Amino acid sequence: METLASILSELHPEVDFSLDHRLIEEGILDSFDIVTLVSEIDDRFGVVIPAQELTPENFASVRTLYNLIVKLKEN
Amino acid sequence: MGFTTVKFALFFLALLIVYYRLPGKGQRAVLLAGSWCFALADGWRSLLMLLTTTVTAWAAGYVMGENQSCLGGKKARAANRPWMAGWTILNLTVLVLWKLCQSETASRALAGGDMAFLTRGLPLGISFYTLQAMSYVLDVYQGKVEPEKNFLKLALFTGFFPQLVQGPISRYGQLGNQFGERRDYEKKQVSFGMQRMLWGSFKKLVIADRMAVAVTALKDPQYTGGAFFLLTLFYAVQIYADFTGGIDMALGAAQAFGVTLPENFIHPFFSKNIAEYWRRWHATLGGWMKEYVFYPVSVSAPVRRLSKAARKKWPGFGKRLPVYGATLVTWLATGLWHGVTPNFVVWGMLNCLVIVISQELTPLYRKFHSRFRWKEKGWYGGFEMVRMFLLMNLIRACDLFPNVGEYFRRLGSLFTGFSLSDFACLDQLGLTALDYGILLAGVAVMAAVSLVQVKQGSIREKLWRRPVLRLALGFGLFLTVLLMGWYGVGYEAGDFIYNQF
């Protein structure tokens, strides 16, 4: 979770990701951020997020994104 | 059969009466029969192409569904891949070939022969329902939606008549299930639908078609400098009123039948940056491109490999490479979807260029705004909106010039030959002082309605509680359309700009 929050902070230094933000609903992440995140997650976690998982539900919060990484890592 | 014709009004009312009067479960069949008649009214080519896309999409979905239940998991995916890829390649090829046949070269080559019918315009709605059906096939392949076994439901998803003229582009998950149950007559729904159709016809007939006269005149090569600035401004008004008017009529017609189509415009001229603008303008095409082109390209294996290699040399730029690569492909596809002529490719690339430059300048913006706190001031938001409006007007004007060289010549003249005296051309454009007055008032009404909707929500909902005012406004709007609509000699009712794409 901490690594994920630090990646997000690099993308948006103005947002405090320790708070429970709704990343898509609040307009914090756009499609460009999502693709950059996918690339960073591939680098740091060794997890490739496929296109069909790029959904608003999976990127709704730091928690849902973390759950997605865990799920993909287990598979 | 255009939305703004008497023929359409009669067709719509007759279908609506039969739809709600019919007992039992026949509503879906009536709606489908009506939709196919609507397509047939455009010619047999339109109905035949719609049926081909629908039948092949249904068959591909059916086979993929059978594979999913018999094989399951990765085996089903492997077995379904050829069906998904085959359907996509076949339908995209057909769409591109139809578009190519509309070029002057193809028209000359095929003129007088057996294949000349291919050059007489695109089949109705082909650019829209091809993308819509493709999203269904791809969603079934990815397991996002269940394959539809009921052919009537899928046929209504691809062929529901309000969306055939110029979209919006719906997804099966949004629309398919709305054709499942019987709908009883609800006065409020039908009334809201008709109000929206009337509002759409006001935008189209009073504003867009009147403005089209000035836009056509301003395309003449003599109009450069300040006159070109007027052209970009007038075209912005024309295409906004034309496209949103058509979408209002489509969404209103659907609502009268109890069906909710997705919104395609979310007050785009209030956007403060280009990314926001494209989330608000033709939102269903943007959403489609994001999901089925931008994301798949940006996370594809070749792009990831390229990005990793680039990061070793240029760490910062390498990180952004997948985003920029996918943006380039997405805008190329968006440009080609509008038309396979060079100006649409250039239009797409100009949008791509502005997006990439905005991204690259983001750190600079952040530094600037941390030093000067202008963003917190009220006027700065207005400045950003005007800046975006003017920039998008310049790029959008590329639509008007199939000869790209001519577009750049006019664009250049803005900087080399601008003079306020160029505005004197206003009295040579085929419009009278009264026409300009009507246009100004029309634009003011559109802007006021947008502002009220943003600040206070649905106007129709507020008026519902005030029946006398509602009736008076409705009657006033109807009279305005009747008396001030543009019905000149040679007027071809129902020609929406986005109908040609």
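Residues numbered from 1 in each chain as written. Chains lettered and ligands numbered in written order. Predicted model: local features only at pLDDT ≥ 70, side-chain atom pairs only at ≥ 80, totals over all residues.

## A look at the overall build of chain A
Inference 1: When helices and strands are counted, chain A shows three helices and zero strands.
Inference 2: Seen in sequence order, chain A has helices and strands lined up from the N terminus as α-α-α.
Inference 3: Expressed as lengths along the three principal axes of its C-alpha atoms, the size of chain A is roughly 35 × 20 × 20 Å.
Inference 4: Within chain A, the proportion of its 75 residues that are buried is 25%.
Inference 5: Of all intrachain contacts in chain A linking residues separated by at least 6 positions in sequence, the fraction that spans at least 24 positions is 56%. (Helix = DSSP H or I, 4+ residues; strand = E, 2+ residues; numbered from the N terminus. Buried ≥ 20, exposed ≤ 12 C-beta atoms within 10 Å, placed from the backbone. Contact = placed C-beta atoms within 7 Å.)

## Observations regarding helix H6 (residues 126-142) of chain B
Inference 1: Along its 17 residues, H6(B) runs 24 Å from first to last C-alpha, staying within 8% of the 24 Å computed at 1.5 Å per residue.
Inference 2: Most of H6(B) sits out of view: 15 of its 17 residues are buried. (Expected span 1.5 Å × (residues − 1).)

## Some points on the domain arrangement of chain B
Inference 1: Here chain B is partitioned into domain 1 (25-181), domain 2 (188-261 + 415-500) and domain 3 (269-398).
Inference 2: When the residues that make up the side of domain 2 of chain B that touches domain 3 of chain B are grouped by side-chain class, the tally is six nonpolar, one polar and no charged. (Domains from an automatic or database assignment. Nonpolar A, V, L, I, M, F, W, Y, C, P; charged D, E, K, R; others polar.)

## Some points on the interface of chain B and chain A
Accessible area lost on assembly of the parts is the figure often given for the size of an interface.
Inference 1: Across the contact, 16 residues belong to chain B and 13 residues belong to chain A.
Inference 2: By residue class, the composition of the side of chain B that touches chain A is eight nonpolar, four polar and four charged.

## A short note on the environment of B:Gly167
All names here are of chain B.
Inference 1: Tracing the backbone shows Gly167 in the loop between helix H7 (151-159) and helix H8 (172-175).
Inference 2: Among the residues examined, Gly167 registers 28 C-beta atoms within 10 Å and is labelled buried.
Inference 3: Along the backbone, Gly167 and Gln453 are 286 residues apart, and their C-alpha atoms lie at a distance of 22 Å.
Inference 4: Among all residues touching Gly167, those that are not within four sequence positions of it are Phe128, Asn264 and Thr284.

## Describing the confidence of the model for chain A
Inference 1: Across chain A, pLDDT averages 85, with 99% of residues at or above 70.
Inference 2: At the level of individual helices and strands, chain A shows its lowest average pLDDT in helix H1 (residues 2-11) of chain A, which scores 84, and its highest in helix H3 (residues 62-74) of chain A, which scores 89. (pLDDT = per-residue confidence, 0-100.)

## Let's talk about the nonpolar core
Where a protein is soluble and globular, its nonpolar side chains tend to be buried together.
All names here are of chain B.
Inference 1: The biggest cluster of nonpolar side chains holds 116 residues, and the ones touching the most others in it are Val137 and Met211.
Inference 2: For this core, the element with the highest residue contribution is helix H10 (residues 226-256), accounting for 19 residues.
Inference 3: With residues up to four places along the chain from it excluded, the contact list for Val137 reads Ala57, Ala60, Gly61, Met84, Trp87 and Thr88.
Inference 4: Tyr277, Trp278, Trp281 and Met392 belong to the second largest nonpolar core, which has five residues in total. (Core = buried A, V, L, I, M, F, W, Y, C linked by C-beta atoms within 7 Å.)

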